Amino acid sequence: MKSLVGLVPLTTVLGAFTTPVVYLATKSRRATFAYATLFSLSALVLSLAVAVEVYAGKEVVVYNAGGWPGPVGIVYVVDGVNALLALVTAFLSFLIFVYSYEYIRDSGYPWYLVMLLGAETGLLGVIYTGDVFNLFVMIEVTAISSYGLVMYYRWRATSIVSGLKYAFIGALGTTGFLLALAIVYAVFGSLNLVDIGLKAMGYPGSTVTGGPLEDAALAVGLVLALSLWAFTIKSGVFPNHFWLPDAHPAAPTPVSALLSGLVVNAGAVSLYKVLYLGFSASQLPGVRVVVESVSLIALVTGLASSFLGGLLMVVQADVKRLIAYSTVMNMGFVFMSIATLSPIGVLGFVYYTVVHSLAKATLFLSVGPVIRAAASRRLDRIAGLGRSILPSGAALAVSTLTLAGVPPLPGFLGKLLIYQALFQYNVAAAVLFVVSSAVGLVSYMRLFYVLLVSPPTQTPAPVHAPLMKSVLVVLSALLVAAGLVFTFSRPAFDYVFYEPVKAVGDVASYLKSLSTSLYGLPG
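Thresholds, definitions, all that
- Residues numbered from 1 in each chain as written.
- Predicted model: local features only at pLDDT ≥ 70, side-chain atom pairs only at ≥ 80, totals over all residues.
- Heavy atoms only, no water.
- Buried < 20%, exposed > 50% of the residue type's maximum accessible area, 1.4 Å probe, protein only.
- Helix = DSSP H or I, 4+ residues; strand = E, 2+ residues; numbered from the N terminus.
- Pairing = 2+ DSSP bridges.
- Expected span 1.5 Å × (residues − 1).
- Salt bridge = Lys/Arg side-chain N within 4 Å of Asp/Glu carboxyl O.
- Polar contact = N/O pair within 3.5 Å; in protein donor to acceptor, adjacent residues only side chain to side chain.
- Patch = residues over 30% accessible without salt bridge, like charges linked within 9 Å, V, L, I, M, F, W, Y side chains within 5 Å.
- Areas by Shrake-Rupley, 256 points an atom, 1.4 Å probe, with all protein chains shown as cover.
- Phe/Tyr/Trp six-rings, centres within 6.5 Å; stacked < 30°, edge-to-face > 60°.
- Lys NZ or Arg CZ within 6 Å of the ring centre and 35° of its normal.
- Contact = heavy atoms within 4.5 Å.
- Axes fitted to C-alpha atoms, helices over the stretch in contact; angles between N-to-C directions.
- Parallel < 35°, antiparallel > 145°, perpendicular 65-115°, else oblique.
- Left-handed = near helix turned anticlockwise from the far one by under 90°.
- Nonpolar A, V, L, I, M, F, W, Y, C, P; charged D, E, K, R; others polar.

Draft legend 1. Representation of the pairing of strand β2 (residues 75-78). Residues Val75 and Val77 line one face of β2 and the alternating positions Tyr76 and Val78 line the opposite face, and both faces are buried. Bridge count for strand β1 (residues 61-64) against β2 is four bridges, and the pairing is antiparallel. Paired with Tyr63 across the strands is Tyr76, a residue of β2.

Draft legend 2. Local environment of helix α4 (residues 109-128). Between its first and last C-alpha, α4 extends 29 Å over 20 residues, near the 28 Å set by a 1.5 Å rise per residue. In terms of residue burial, α4 counts as a mostly covered element, since 18 of its 20 residues are buried.

Draft legend 3. Fine view of the pattern of salt bridges. The full count for this structure, using the stated rule, is seven salt bridges. Arg321 serves as the salt-bridge partner of Asp246, at 2.8 Å between the closest nitrogen and oxygen. Of the two residues, Asp246 sits in helix α9 (residues 243-250) while Arg321 sits in helix α13 (residues 319-339), which places them 75 residues apart along the sequence. Exposure remark for Arg321: the relative accessible area of 22% places this residue in the partly exposed category. The residue Asp494 makes a salt bridge to Arg490 at a minimum N-O spacing of 2.7 Å. Of this pair, Asp494 and Arg490 both sit in helix α20 (residues 490-505), four residues apart, roughly one helical turn. Taking the relative accessible area as the measure of exposure, Asp494 reaches 17% and is therefore buried. Residues participating in the shared-partner salt-bridge network are Lys165, Asp246 and Arg321.

Draft legend 4. Layout of helix α5 (residues 132-150). A rise of 1.5 Å per residue sets the reference length of α5, with its 19 residues, at 27 Å; its end C-alpha atoms lie 27 Å apart and thus fit the reference within 8%. Of all 19 residues in α5, 14 are buried, a share of seventy percent or more. Between a side-chain oxygen at the N-terminus of α5 and the backbone nitrogen of Phe133 the separation is 2.9 Å; the capping residue is Asp131.

Draft legend 5. Looking closely at a nonpolar patch on the surface. There is a patch of nonpolar side chains on the surface, built from Phe423, Val427, Val431 and Val435 and spanning about 330 Å² of accessible area. It is helix α18 (residues 427-452) that provides the largest number of residues to the nonpolar patch, a total of three residues.

Draft legend 6. Molecular detail of the packing of aromatic side chains. Applying the stated criterion across every chain yields a total of 26 aromatic pairs. Among the aromatic residues, those joined into a ring-pair cluster are Tyr23, Phe33, Tyr101 and Tyr109. For the cation-ring pair, Arg29 lies above Tyr101, with the distance from its terminal atom to the ring centre recorded as 4.5 Å. In this structure, Arg156 is placed above the aromatic ring of Tyr153, and the distance from its NZ or CZ to the ring centre is 4.1 Å.

Draft legend 7. Spotlight on the side chain of Lys199. As for its placement among the helices and strands, Lys199 is situated in helix α7 (residues 193-200). For Lys199, a relative accessible area of 1% corresponds to the buried category. Only 2.6 Å separates the side chain of Lys199 from the backbone oxygen of Phe188, close enough to count as a polar contact.

Draft legend 8. Just the environment of Ile323, in detail. Take Ile323: it is sitting in helix α13. Separated by 173 residues in the primary sequence, Ile323 and Val150 have C-alpha atoms spaced 16 Å apart. In this structure, Ile323 is in contact with Lys360, Leu363, Phe364 and Val367, ignoring residues within four places of it in sequence.

Draft legend 9. Structural view of the packing of α4 against α5. As a packed pair, α4 and α5 sit with axes 8 Å apart at the nearest point and diverge in direction by 155 degrees. With respect to α5, the element α4 is oriented roughly antiparallel. Judged by the twist between their axes, the crossing of α4 over α5 is left-handed. Residue-level inspection shows Tyr112, Met115, Leu116, Gly118, Ala119, Thr121, Gly122, Leu123, Gly125 and Val126 of α4 in contact with α5, the latter providing Leu135, Met138, Ile139, Val141, Thr142, Ser145, Gly148 and Leu149. Among the residues forming the contact of α4 with α5, the class breakdown is eleven nonpolar, seven polar and no charged.

Okay, here's the thing in structure tokens:
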């Protein structure tokens, strides 16, 4: 089973490198799409097998790349949280491949498929890795692929400008994170997340990488500040959100679903790993003060992002920009939940990340046929068309109401969990979260009314896309089922979400168990 963990990202890498060969050999669009999609399907099957093993065994699976154990080698650490997030990532990526077959019709499709596989590889690596330098590498793999996807319509000036803006600010963020890693290595003598976490707690860690850490508050502060700055860029969180609303109108609709459904998760998952797993259990006085200060900054940026995104949703005339600002708002919620540094906060982060990924991908994919039928993204041109284009209208309704937090759809429980985490952390933060959610509710109801209730302004062109429609049916049904099951069945919720989070909730015990049973380090 450990070898399967290593095969998950390796599968998509292999697909990315060999897809151009298949295209050059066959010159067949169907064969090239089928070949690339097969690798995405393989990654889904492998990630499902890994998740089943982790959930059934209730233990952490560690894969040592090249046979080199941590902290010397690169390791993939797969617990319940990582297994679930990777499974959702592989599942949505596969559906985006299926949807893209009928959406991407021009001659650039081979390179589109290569970049899509590259983005999936990076995202799976970000989730699985237990090494912070490998985390940097996988963030870069995701980012570079995403830059190319945003600029896919290379004959459009807006696509090039938006992609270059995204690439420039993204490069600044990853450069900052690389500087943070240089400080980490200088201070801790290690890039292994478990080793770093043990030393931050005052334990000796690995004898290979040096003794216990002294109270290096300044160094840890620089590391966390640079990392937080990079992660806000990757997740489109204030004040580094500005690339996201420009990227969505410029990119193809399936790419928008990828960006807002999955790519933005890279920053949130990285924040969870570095801030929560790496440093939240530290009892060194100076480091503890730094961690609490940075977590407060993360909460404030998340809160500002939620208000800014919600308010700017209201004034948008372009449907894709409106949904993009919804992502700015929702990623703010996720950052706020992580910033509480509590088990209930992690539970809110995991649950809401899964729900937001599914709902946001559904929302973007559901407006794709509407935009194609009206040949416009303007709300006044596509008004009322959701009723006449099925199943886009139904998918749009389900995803919009999920993101608005309407029960019994799964978004309601996600917001309730985040509220509970914030209420335990700070009552004022919880109240402001409710207010920002209410602002978002107004914006979502505006979108719902314009596309599904208001009278149509034109007769839409027919859209014959059975695969696109099938994807929307699957996602809509999954959202409804998830809402009913996880809201009303406590055993199902506990098995899928609560138990995996409980295993990592006590960070000190989690890291020490990894060090003794899997890494061979003294705990």
